[in-house]
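Structural characterization, general
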Amino acid sequence: MPTSRLRRAALPLTAAALLVPLAAACSGGANDTNGAADGGQRLRVVMAFPPAQAMSPYGDDAVNLSRLAVIEGLTSLDREGAAKPALAASWKRESPKAWTFTLREASFQDGTKVDPAAVVRSLNAAQKASPKPRVLSDTGITATAQGADTVRIVTTEADPLLPQRLANPSLTILSAAAYRDGKVNPAGRATGPFTLAAVKGAVSATLERNDHYWGGKSKAPGVDVTFVADGTARANALRTEAVDVAEYVPISQASLLGDRLVHGFPSARTNGLSLNTEHGVFADPAMRAAAREAIDSEALVKAVYEGRADSAQGLLGPGVPWAAADRKAPVDRAKAADKAQVAKTKQIVLATYTNRPELPEVATVVQQQLQKRGFTVKQVVRDYAQLEADALAGKYDAFIQARNTLLDTADPVSYLASDFTCDGSFNISQLCDKRVDTDVNKAAEVAGTDARHRAAMTAEADILGTDALVPLLHERFVQGYDDTRVHGVALDPMERTLITADTRVG
């Protein structure tokens, strides 16, 4: 799936209606004198996705908690997607399935100690959770305490990515008090620089500074959060200074706000045109090649994204910094059918979803480009939840999606496996190619980072050679804040961080 966050329904409110509760919720924000007396001003933040699972760490709410600097895991990720220390100061691989992690000195927000027993409790609870966190879908974990500061973790399958996996927000470490009556409540029981103090349904949340934070005192005394699904309302709140930080500013609003208020940066999200390789017109490789030749990525970037996106480079774009150096040219591509041959084919159905506002516009431009090549195209545009089952069942000839290529483990091999192998769980193109499967499986077995990257790019070249997916463009995330007065906002291509201990007003 493009990201499971798309399954959330947008709040049924207009942009105008949203501004009133937004302003009311933020009225005690950055100008709050109590906050200033406590050392700095409180941050006012508007988020795009409201809580959907009562802030459970085992679903998409964990991403919000991570982006708001409430929760942490044993590890975190750098901009290259490599694991770096968080609650674990160091780690060592003992065998293909066993690792040991040495903990740093740290305390939970309730004042209790982060010790091996707490880590074991949290990781084993995640393993037993129902539904299981997606990051554990391809391996299981069993954690045991060893000594005063060491945890041993054994995976069911050999897993060279365990340190990256443990950075996933769903594998956050919480204190014993978080686990009660079969539920998990992170409020006041996590380790991040901000404590979740209160949640008002899907409307707002209040965060306070965590005085026990191992990484040092946060610069803001707290954060007042509102959840607003309407992108125009978020942009208007930023424009009127009702908030300090607005998450995910729509492209349509970015130019209106100006460069002082909007900050775009490369993401790990690639917008692609998946072509049905099993049934219909695009079962013919020559027709897929014709569709590829019809696509003008630069025109899409200019017409729909107003230049705030990057033209297609492959499956992995600028948000995956190492990809360009290791990229290989596709080989054995089919010769494209000419316009006369294309014109003889039956009508194709091109589908996309409304949850990301730019995609219907992308679909219209792609339709025009395909029609210029000779294809007859019918569009289907609906909410993502209404399309996913049919897309996975191969009921569309072509499907446009915005796909996070570093979801879950910050490693693209899992994305390549799920989207392009014969048994892939998200294989919308219905691709089943022996060479692709072989190279993806080889990449999955490689442990060394550089070697794994090279293996992944070999698999990328094979996939592009089939024309099962035509890359359209690489999205840039656009976050909103006034860079003359708001500092320390994290611009993270993997979407896991936004507010940090260093984020501040002034």
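Residues numbered from 1 in each chain as written. Predicted model: local features only at pLDDT ≥ 70, side-chain atom pairs only at ≥ 80, totals over all residues. Heavy atoms only, no water.

1. A few points about the confidence of the model for the protein chain
Where we set the bar: pLDDT measures the predictor's confidence residue by residue and takes values from 0 up to 100. Contacts are residue-level and defined by heavy atoms, with any inter-residue pair within 4.5 Å sufficient.
Residues with a pLDDT of 70 or more make up 92% of the protein chain, whose mean pLDDT is 91. Contacts for the low-pLDDT stretch residues 1-21, under 50 throughout, to residues beyond four places or in other chains number 52 contacts. When the criterion is pLDDT under 50, residues 23-37 qualifies, and its contacts beyond four places in sequence or with other chains add up to 19 contacts.

2. Some details on the sheet that holds strand 7 (residues 150-155)
The following threshold applies: Here, any two strands with at least 2 DSSP bridges between them count as paired. Under the scheme used here, helices are H or I runs from DSSP no shorter than 4 residues and strands are E runs no shorter than 2 residues, and both carry numbers assigned from the N terminus. Working convention: axes come from line fits to C-alpha atoms, limited for helices to the stretch in contact. Angles between N-to-C directions cover 0 to 180 degrees.
Across the sheet, four strands lie side by side as 4-5-7-6; this open sheet has antiparallel pairing. If you trace the sheet from one side to the other, it starts and ends with strand 4 (88-95) and strand 6 (141-146), each paired once. Adjacent strand axes in the sheet meet at a mean angle of 25 degrees, parallel and antiparallel pairs treated alike. On the sheet, helix 4 (residues 116-128) packs against strand 5 (98-103), strand 6 and strand 7 and is oriented at approximately 170 degrees with respect to strand 6.

3. Some remarks on the state of the cysteines
Basically, it comes down to this: Pairs of cysteine sulfur atoms within 2.5 Å are identified as disulfides in what follows. A 1.4 Å probe rolled over the protein chains alone gives each residue an accessible area, and that area as a share of the maximum for its type sets the label: buried under 20%, exposed over 50%, partly exposed in between.
This structure, assessed with the given rule, holds one disulfide. Paired by a disulfide, Cys422 and Cys432 hold their sulfur atoms 2.0 Å apart. Given an S-S torsion of about 95 degrees, the disulfide between Cys422 and Cys432 has right-handed geometry. Taken together, the positions of Cys422 in the loop between helix 14 (412-420) and helix 15 (434-445) and Cys432 in the loop between helix 14 and helix 15 put the pair ten residues apart, joining distant regions of the chain. The class of Cys432 is exposed, set by a relative accessible area of 56%.

4. What about unusual backbone geometry?
Geometrically, the link from Ser130 to Pro131 is a cis peptide bond, its omega value of 0 degrees lying close to zero. For Pro131, the location among the structural elements is in the loop between helix 4 and strand 6. Residues other than glycine seldom take positive phi values, yet Asp181 does so here, at roughly 55 degrees. Its location among the elements puts Asp181 in the loop between strand 8 (179-180) and strand 9 (183-184). Phi angles above zero are rare outside glycine, and Ala410 is one such case at about 60 degrees. Mapped onto the elements, Ala410 comes out in the loop between strand 18 (398-404) and helix 14. Given the relative accessible area of 8%, Ala410 is considered buried.

5. Topic: the pattern of salt bridges
Defined as follows: Definition used for salt bridges: Asp or Glu carboxyl oxygen within 4 Å of a side-chain nitrogen of Lys or Arg.
According to the stated counting rule, one finds 26 salt bridges in the structure shown. The shortest N-O distance in the salt bridge between Glu460 and Arg327 comes to 3.0 Å. Here Arg327 lies in the loop between helix 10 (323-326) and helix 11 (339-343) and Glu460 lies in helix 16 (residues 449-466), a separation of 133 residues in the sequence. By relative accessible area, Glu460 is classed as buried at 1%. Accessibility expressed as a relative area gives 23% for Arg327, which makes it partly exposed. Here the salt bridges share partners, and the residues they tie into one network are Arg44, Asp244, Arg260, Asp482 and Arg485.

6. Describing the packing of helix 15 against helix 16
Definition in use: Throughout, the term roughly parallel applies to angles under 35 degrees, roughly antiparallel to angles over 145, roughly perpendicular to angles from 65 to 115, and oblique to all others. When the near helix sits turned anticlockwise from the far one by under a right angle, the crossing is termed left-handed; a clockwise turn instead gives a right-handed crossing. Residue classes follow a fixed rule: Ala, Val, Leu, Ile, Met, Phe, Trp, Tyr, Cys and Pro count as nonpolar, while Asp, Glu, Lys and Arg count as charged, and any other residue, Gly among them, counts as polar.
Orientation of helix 15 relative to helix 16, taken along the N-to-C sense of each, is 165 degrees, at an axis distance of 8 Å. Looking at the two axes, helix 15 sits roughly antiparallel to helix 16. As for how helix 15 packs across helix 16, the hand of that crossing is left-handed. Contacts from Arg435, Val436, Asp439, Val440, Ala443, Ala444 and Glu445 of helix 15 reach helix 16 at Arg452, Ala455, Ala456, Thr458, Ala459, Asp462, Ile463 and Thr466. Here the contact of helix 15 with helix 16 is composed, by residue class, of eight nonpolar, two polar and five charged.

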